[in-house]
Amino acid sequence: AGGQGAPLVPPFHAAVFGAPQGRAVLNLGGIANVTLLAPGQAPRGFDTGPANVFLDGWCQRHLGQPYDADGRWADSGQVLAPLLEQLIASEPWFALPPPKSTGRDLFNMRWLDDRLAAFDGARPAPQDVQATLQRLTARTVANAIDAAGDDVCELYVCGGGAHNPGLMRELAYCLQRPVHATDALGVPAQQVEALAFAWLAQAFLARQPAGLPSVTGARGPRILGALYPA
């Protein structure tokens with residue numbers, strides 16, 4: 001229908017997390033996507049860029065661990081401002097207006113390696129790169145929310161990144177707004193995605209459109225999914 005294929009979850013976020021005040025819901029998986037919920041308006045949502053894809057990949061490469069537990073390795077390093085600015089400035093996708101989506105086809109370890117090779121400063125220590133990548137996730141989320149122009153009073157986070165206290169602190173620092181896990185609203189952060197797709201299945205069975213033009217930019221609302229009886 002001429003729109004983006006992701007994110008899929010903003011209608012669910014609106015149904016479960018809507019509030020009288022402006023609120024954003026952020027999913028931190030490999031890629032970050034945000035839903036903007038404003039009273040009296042259709043939900044909007046879009047991808048903001050990398051979430052854990054670089055944090056996990058860099059940790060696996062240098063520590064042999066699947067992820068940076070509690071962000072402790074990133075906390076041992078320091079954010080390199082010149083590298084951070086280069087990472088943001090070198091990628092035109094960040095400046096695109098929503099609706100927009102992305103994935104590991106763009107943001108992958110080759111993307112990172114190419115930019116580290118082009119960095120004209122001293123060769124950074126691995127832990128400093130990790131700290132900078134953590135700030136990259138938070139900064140690009142904050143930039144995207146601020147550019148959307150909505151009156152977002154608070155941010156609720158779901159997905160694996162919600163369990164990284166270092167990343168949560170970075171989000172609060174970059175956003176200058178309260179940041180909480182969705183657990184505070186009664187929905188465990190690691191269950192939101194599964195609940196969302198169960199909700200999408202129910203919406204399909206009810207013939208309820210869950211593909212919203214305000215999210216995808218499509219020509220009109222669409223019923224999502226298909227049913228293949230056994």
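Structural data are supplied above this passage.
Residues numbered from 1 in each chain as written. Predicted model: local features only at pLDDT ≥ 70, side-chain atom pairs only at ≥ 80, totals over all residues. Heavy atoms only, no water.

Colleague: Explain the overall build of the chain to me, please; I cannot follow it from the model alone.
Modeller: On a plain count of helices and strands, the chain comes out with 9 helices and 5 strands. N-terminal to C-terminal, the α/β element order of the chain is α-β-β-β-α-α-α-α-α-β-α-β-α-α. A globule of 230 residues ought to have a C-alpha radius of gyration of about 17 Å, and the chain, at 18 Å, matches this closely. The principal-axis extents of the C-alpha atoms in the chain amount to approximately 55 × 40 × 35 Å. Taken over 230 residues, the chain has a buried fraction of 50%. Nonlocal contacts in the chain, meaning residues at least 24 apart in sequence, comprise 67% of its contacts between residues at least 6 apart. (Helix = DSSP H or I, 4+ residues; strand = E, 2+ residues; numbered from the N terminus. Rg over C-alpha atoms; globule rule 2.2 N^0.38 Å. Buried < 20%, exposed > 50% of the residue type's maximum accessible area, 1.4 Å probe, protein only. Contact = heavy atoms within 4.5 Å.)

Colleague: Is there a simple way to think about the nonpolar core in this case?
Modeller: Judged by nonpolar contacts, the single largest core of 62 residues is most densely connected at Leu26, Phe54, Leu112, Leu133, Ile145, Val157 and Leu171. In this view, leucine 133 contacts Phe54, Leu55, Trp58, Leu87 and Leu112; residues no more than four positions away in its chain are not counted. (Core = buried A, V, L, I, M, F, W, Y, C linked by side-chain atoms within 4.5 Å.)

Colleague: So what exactly am I meant to see when it comes to the side chain of glutamine 130 here?
Modeller: Mapped onto the secondary structure, glutamine 130 falls in helix α6 (residues 126–148). Polar side-chain contacts of glutamine 130 include one of 3.2 Å to the backbone oxygen of leucine 55. When sequence neighbours within four positions are dropped, the list of residues in contact with glutamine 130 reads Leu55, Trp58, Cys59, Asp68, Trp73 and Ala74. (Polar contact = N/O pair within 3.5 Å; in protein donor to acceptor, adjacent residues only side chain to side chain.)

Colleague: Whenever I open this one, helix α1 (residues 10–17) confuses me. Can you help?
Modeller: The periodicity of an α-helix, 3.6 residues per turn, causes residues three or four positions apart to be oriented the same way. Along α1, the residues classified as buried are Pro10, Pro11, Phe12, His13 and Phe17. Of the surrounding secondary structure, the elements contacted by the buried residues of α1 are β1 (23–28), β2 (31–37), β3 (44–50), β4 (154–158), α8 (192–205) and α9 (213–216).

Colleague: Explanation requested: the pattern of salt bridges in the structure shown.
Modeller: A side chain with one charge may pair with a side chain of the opposite charge, provided their charged atoms come close. This structure, assessed with the given rule, holds 8 salt bridges. Here glutamate 91 ties to arginine 115 by a salt bridge, and the two come within 3.5 Å at their closest N and O atoms. A residue pair is termed long-range when its members are at least 10 positions apart, and glutamate 91 in the loop between α4 (81–89) and α5 (109–118) and arginine 115 in helix α5 qualify at 24 residues. Residue arginine 115 is classed as buried on the basis of its relative accessible area, which comes to 14%. (Salt bridge = Lys/Arg side-chain N within 4 Å of Asp/Glu carboxyl O.)

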